[in-house]
Amino acid sequence: QVQLVESGGDLVQPGGSLRLSCAVSKGIIVAHTMGWYRQAPGKQRELVASVTSDDSTHYAASLKGRFSISRDHVKNTLILQMNSLKPEDTAVYYCFAAVQGVATATPDYWGLGTLVIVSS
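Now for a look at the structure at hand. (Residues numbered from 1 in each chain as written. Predicted model: local features only at pLDDT ≥ 70, side-chain atom pairs only at ≥ 80, totals over all residues. Heavy atoms only, no water.)

**Considering the environment of Asn83**
Stated precisely, the cut-off is as follows: For helices the rule is a DSSP run of H or I covering at least 4 residues; for strands it is a run of E covering at least 2, with both sets numbered from the N terminus onward. Whether two residues are in contact is decided by their heavy atoms: any pair within 4.5 Å suffices. Contacts described as polar in this section are N or O atom pairs within 3.5 Å, which, within protein, must combine one atom able to donate a hydrogen with one able to accept it, while residues neighboring in sequence count only if both atoms come from side chains.
Structurally, Asn83 can be placed in the loop between β8 (77-82) and β9 (91-98). Taking the C-alpha atoms as reference, Asn83 lies 4.4 Å from Ser17; in sequence the two are 66 residues apart. Among residues more than four places away in sequence, those in contact with Asn83 are Gly16, Ser17, Arg66 and Phe67. At 3.0 Å, the side chain of Asn83 and the side chain of Ser17 are in polar contact. A polar atom in the side chain of Asn83 sits 3.0 Å from the side chain of Gln81.

**Concerning the side chain of Ser25**
With respect to the helices, strands and loops of the structure, Ser25 is situated in the loop between β3 (18-24) and α1 (28-31). Within the local environment of Ser25, its side chain forms a polar contact with the backbone nitrogen of Gln3, the two atoms lying 2.6 Å apart. Once you skip the residues sitting within four places of it in the chain, Ser25 turns out to touch Gln1, Val2 and Gln3.

**Side note on the sheet that holds β3**
As a reminder, the rule being used: In this description, strands pair whenever DSSP reports at least two bridges between them. An axis is simply a line fitted to the C-alpha atoms; with a helix, the fit covers only the stretch in contact. Between two such axes, the angle follows the N-to-C directions and lies from 0 to 180 degrees.
The 4 strands are arranged β1-β3-β8-β7 in an open sheet whose pairing can be described as antiparallel. Every interior strand has two partners, whereas the edge strands, β1 (4-7) and β7 (67-72), have only one. Averaged over all pairs of adjacent strands, the angle between their axes in this sheet comes to 15°, without regard to strand direction. With 6 bridges joining them, β7 and β8 adopt antiparallel strand pairing.

The following block contains the structure:
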């Protein structure tokens, strides 16, 4: 059974940083495309970033340069480092895993999400 458990969501001021983590079932992080979606209130879920099993990364164009995705194979953890946060980054962030080995793969598994609020 694939389990994805997000953590790290918090209230942060504009311009601040947050590091989201996704604990992944052993073996999944290596074999699958992993990534993050987010869903802001009243909006559709959108792809934030992804990383394939060969470490090819993909970012939403509007987020590139501020967000960074990485994997820790030893700890079976997916990381999303978010810098220079803006109020429009407020959303629930979801970790996902996909069997398909492309950066824009349709997710097969989802975490329950972690809430990020950017506000002064």
